[in-house]
Amino acid sequence: MDTTNSYAASDTDNTPILNQEQLNVIRNLDPACGDALVNKILQVFLETSVDLTRQIEEAINNTDAESLRHAAHTLKSSSANVGAESLSVIAQKLELCGKSGEFEQVGQLHDNLQQRYQKVITEIRQMLKQS
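Treat the numbers as computed from the prediction; the structure is a model and nothing was measured.

A. Quick peek at the overall build of the chain. Tallying secondary structure elements over the chain gives five helices and zero strands in all. Across the chain, helices and strands are ordered from the amino to the carboxyl terminus as α-α-α-α-α. Here the C-alpha atoms of the chain give a radius of gyration of 15 Å, agreeing with the 14 Å that 2.2 N^0.38 yields for 131 residues. Principal-axis analysis of the C-alpha atoms gives the chain an extent of 50 × 30 × 20 Å. If you take every contact in the chain between residues at least 6 apart in sequence, the share linking residues at least 24 apart comes to 71%. A total of about 7000 Å² of accessible surface is found on the chain, and carbon and sulfur atoms cover 48% of it.

Structure (structure tokens):
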């Protein structure tokens, strides 16, 4: 099972780091305080994603398929919620590796995840500074 495919170069230059349309969906949930809601959700993502990436790394180091599946699944969902779609796709591939117990591709996927994650949190921090 080749889980790396297009995300060996996960940094597809034409893929935005954060999908602004997804953030607008969140904003529109509360038209009066939409920006504050987006900022709160982004802040929660920053706080929780650090632990998830650590859990993913520990699961890989321990060849713990179930822990990898669980942490990657949670990161996949939370990344998608804040519009970090390419990060979500990489997390999904790691989730599938955990589900299948196949660890051959996890090293490259983890590297890709870390690179994209750094870009996502940098962009989120910039957005929070500007608000």
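B. Seen up close, the nonpolar core. Judged by nonpolar contacts, the single largest core of 33 residues is most densely connected at Leu-42, Phe-45, Ile-56, Leu-68, Leu-94, Leu-113 and Ile-124. Listing elements by their share of this core, those giving two or more residues are helix H1 (20-28), helix H2 (34-61), helix H3 (65-81), helix H4 (85-100) and helix H5 (106-130). Here this core gets nine residues from one element, more than from any other, and that element is H5. Excluding residues that lie within four positions of it along the chain, Leu-94 makes contacts with Ile-56, Ile-60, Leu-68, Ala-72, Val-106, Leu-109, His-110 and Leu-113.

C. Layout of unusual backbone geometry. Here the phi dihedral of Thr-63 falls at roughly 50°; this positive angle occurs in a residue that is not glycine. For Thr-63, a relative accessible area of 53% corresponds to the exposed category.

D. A look at the confidence of the model for the chain. The predicted model of the chain has a mean per-residue pLDDT of 91, with 90% of residues at 70 or higher. H3 holds the highest mean pLDDT among the elements of the chain, 98, whereas H1 holds the lowest, 96.

Cut-offs used in this document
- Residues numbered from 1 in each chain as written.
- Predicted model: local features only at pLDDT ≥ 70, side-chain atom pairs only at ≥ 80, totals over all residues.
- Heavy atoms only, no water.
- Helix = DSSP H or I, 4+ residues; strand = E, 2+ residues; numbered from the N terminus.
- Rg over C-alpha atoms; globule rule 2.2 N^0.38 Å.
- Contact = heavy atoms within 4.5 Å.
- Areas by Shrake-Rupley, 256 points an atom, 1.4 Å probe, with all protein chains shown as cover.
- Core = buried A, V, L, I, M, F, W, Y, C linked by side-chain atoms within 4.5 Å.
- Buried < 20%, exposed > 50% of the residue type's maximum accessible area, 1.4 Å probe, protein only.
- pLDDT = per-residue confidence, 0-100.

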